[in-house]
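What follows is each chain in one-letter form.
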Amino acid sequence: MAMNVGSAGGGEPEVMAEMNTTPLIDVMLVLLIMLIITIPIQLHSVNLNMPTGTPPPPTAPPVVVTIDVDFDGTIFWNGEALSSQPALEARLQATAALADQPEVHLRPNKLVEYEAVARVMASAQRLGVSKLGMVGNEQFIK
């Protein structure tokens, strides 16, 4: 086994074409150690105290109020047409004042302008209706 110590011509030394893999091996070993250290942390379980038995059945089915907004902006309260926005707000205020608020289902028509629906939602929020949901969204899927 021979070793090349210097160049014969005295010019520039030859370029070494081999890659130094020592830093790569060092980084890989550090990553392997970090992986080995962090794996046991992921295997720990969390003990939860889950309730036993069956939950009691609900006392009564929830009361549902349906608000329909027609294509021209007409508002229907459980199928009854309301004459104006103050009439809607009066009913929403009465609904919000109840101890056990009914669920309010808002069902807009596909062709109604967003402004009419937003007005109903803003009134419900302002007057304190907490159980408001949108119904019939499948009509908007193309």
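For the structure given in this document, a descriptive report is provided here. (Residues numbered from 1 in each chain as written. Predicted model: local features only at pLDDT ≥ 70, side-chain atom pairs only at ≥ 80, totals over all residues. Heavy atoms only, no water.)

1. Some details on the overall build of the chain
When its secondary structure is counted, the chain shows 3 helices and 5 strands. Secondary structure elements of the chain, listed N to C terminal, follow the sequence α-β-β-β-α-β-α-β. For the chain, with 142 residues in total, the buried portion stands at 18%. Carbon together with sulfur atoms contributes 62% to the accessible area of the chain, which is approximately 11700 Å² in total. (Helix = DSSP H or I, 4+ residues; strand = E, 2+ residues; numbered from the N terminus. Buried < 20%, exposed > 50% of the residue type's maximum accessible area, 1.4 Å probe, protein only. Areas by Shrake-Rupley, 256 points an atom, 1.4 Å probe, with all protein chains shown as cover.)

2. A closer look at the pattern of salt bridges
Enumeration according to the criterion identifies 5 salt bridges in this entry. Two residues, aspartate 100 and lysine 131, come together in a salt bridge whose shortest N-O distance is 3.8 Å. Residue aspartate 100 is located in the loop between α2 (85–97) and β4 (103–108), and its partner lysine 131 is located in the loop between α3 (114–127) and β5 (132–134); the two are separated by 31 residues in the primary sequence. (Salt bridge = Lys/Arg side-chain N within 4 Å of Asp/Glu carboxyl O.)

3. Some points on a nonpolar patch on the surface
A cluster of nonpolar side chains, namely Met19, Leu24, Val27, Met28, Val30, Leu31 and Met34, defines an oily patch on the protein surface of about 720 Å² accessible area. Along the polypeptide, valine 30 turns up in helix α1 (residues 22–42). Relative accessible area serves as the criterion here: at 47%, valine 30 is assigned to the partly exposed category. (Patch = residues over 30% accessible without salt bridge, like charges linked within 9 Å, V, L, I, M, F, W, Y side chains within 5 Å.)

Nothing here speaks to function; it is geometry throughout.
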